[in-house]
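# Close look at the chain arrangement
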Amino acid sequence: MTRFHREARIRPVARLAWLALTLAVLLVSASVGATTIPPLNGYVMDDTGTLTEADRAELSLRLNRERQSGGPEVVVLVLRSLGGEGRTIESLADSAFQQYRIGKAGADGGVLLVIVEEERKVCIRTNATARGVLKDEMVAAIIETKITPLLRAKRLREAIVAGTDAIMDPLRADREARGEERKSRSRTIWFILVAIICFPILLAFALPRRFLRTGSSRTEETVPRDYNRYRAWTRNAGTSSGTQHQGGSSGGDDPPVGGATGSY
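The sections below set out a description of the structure shown in this document. What you see is a predicted model, and the numbers here were worked out from it, not measured in a lab.

Before going further, it helps to spend a moment on the nonpolar core. Core analysis: the biggest nonpolar cluster contains 45 residues, and Leu77, Leu112, Val114 and Ile124 have the highest contact counts within it. For this core, the secondary structure elements donating two or more residues are strand 1 (44–46), helix 2 (53–68), strand 2 (73–79), helix 3 (89–100), strand 3 (110–116), strand 4 (121–126), helix 5 (136–152) and helix 6 (156–222). Per-element accounting of this core gives the leading share, eight residues, to helix 6. Look past the residues within four positions of Val114 in its chain and what remains in contact with it is Leu77, Ile89, Leu92, Ala93, Lys121, Val122 and Cys123.

So this is what it looks like as structure tokens:
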């Protein structure tokens, strides 16, 4: 085999090896430059070192208190940079949301607030439960009015407090409204059940007494207790009707005891 043929066979292999080496270098450089999402440690992670340990503890305590009371799971992530060209804060936030598993079972929604220092970006991500209350327009307004003005003034802690409060307030109000609605429905159901149970009992007691009162009134109508009154009543009734009422016979209603006369 000639030297020319050997070189012709070696050349494609060398080219493939060079391409593989170049690709590996690019992948390594990309992985080195990409921002690593820190592990979940509390509810506030600060990769920039801007917040003190006391600040992180206090902010985490606020968010944990809301979560323990049945509220949403809100997590804050502060990063120095996105870590490379073409990487967006939205994709990074989505990756962090999945890594942290925000909005686990039992939470009244899940929200992630991401702040990136070098690119000066802010992002809020919500899960389906939280989005039922926190509409996209509302989230945009929270960022624009509550968070970014404080970040421009380099007040990171205040920006996180204002942002998380603005996130939790509507979710808390919705939770309380749903609780009141459940209480109202429960009271209505109990009222209906009590009415269903008590109505037959009341009816059973009310009907005999009504019948007794009816029989008593009829007895009083036909046989008044005052014998003289009864005699006068029967005479008057007999005179007006032309027939004599016998004791025990059915008569009309008791005669009126008063009245007025008028003309027209």
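That covers the picture; the talk isn't over yet.
What follows deals with the environment of Ile37. Tracing the backbone shows Ile37 in the loop between helix 1 (3–33) and strand 1. Taking relative accessible area as the criterion, Ile37 reaches 11% and is therefore assigned buried. For the pair Ile37 and Gln99, spaced 62 residues apart in sequence, the C-alpha to C-alpha distance is 8.5 Å.

Taken together, four strands build an open sheet; the order of strands is 1-2-3-4 and the sheet is mixed. Only two strands of the sheet have a single partner each, and these edge strands are strand 1 and strand 4. Averaged over all pairs of adjacent strands, the angle between their axes in this sheet comes to 10°, without regard to strand direction. In the sheet, strand 1 pairs with strand 2 via three bridges, with the strands oriented parallel. What sits directly across from Val44, in strand 2, is Val76. Docked against the sheet, helix 3 engages strand 1, strand 2, strand 3 and strand 4, running at close to 45° with respect to strand 4. Across the sheet, helix 5 lies against strand 3 and strand 4, angled at about 145° from strand 4, the strand it touches most.

Turning next to the side chain of Asn127. Examined against the element boundaries, Asn127 turns out to sit in the loop between strand 4 and helix 4 (128–131). At a separation of 2.9 Å, a polar atom in the side chain of Asn127 contacts the main-chain amide nitrogen of Ala130. In contact with Asn127, other than residues within four places in its own chain, are Phe97, Gly103, Gly109 and Gly110.

The next point concerns the pairing of strand 2. Here strand 2 lies mainly inside the structure; seven of its seven residues are buried. Residue alternation in strand 2 divides its side chains into two sets, Glu73, Val75, Leu77 and Leu79 and Val74, Val76 and Val78, and both sets are buried.

Comment: phi is negative for the bulk of residues other than glycine, and the bulk of peptide bonds are trans. The phi torsion at Arg101 lies on the positive side, around 55°, for a residue other than glycine. Checked against the element boundaries, Arg101 lands in the loop between helix 3 and strand 3. In this structure, Arg120 is a non-glycine residue whose phi angle is positive, near 55°. The class for Arg120 is exposed, based on a relative accessible area of 61%.

Glancing now at helix 3. For helix 3, spanning 12 residues, the distance from its first C-alpha to its last is 16 Å, which sits close to the expected 16 Å at 1.5 Å a residue. Positive backbone phi, approximately 55°, marks Arg101, located one or two places after helix 3.

Calculation criteria
Residues numbered from 1 in each chain as written. Predicted model: local features only at pLDDT ≥ 70, side-chain atom pairs only at ≥ 80, totals over all residues. Heavy atoms only, no water. Core = buried A, V, L, I, M, F, W, Y, C linked by side-chain atoms within 4.5 Å. Buried < 20%, exposed > 50% of the residue type's maximum accessible area, 1.4 Å probe, protein only. Helix = DSSP H or I, 4+ residues; strand = E, 2+ residues; numbered from the N terminus. Contact = heavy atoms within 4.5 Å. Pairing = 2+ DSSP bridges. Axes fitted to C-alpha atoms, helices over the stretch in contact; angles between N-to-C directions. Polar contact = N/O pair within 3.5 Å; in protein donor to acceptor, adjacent residues only side chain to side chain. Expected span 1.5 Å × (residues − 1).

Functional significance is not addressed by these values, which are geometric in nature.
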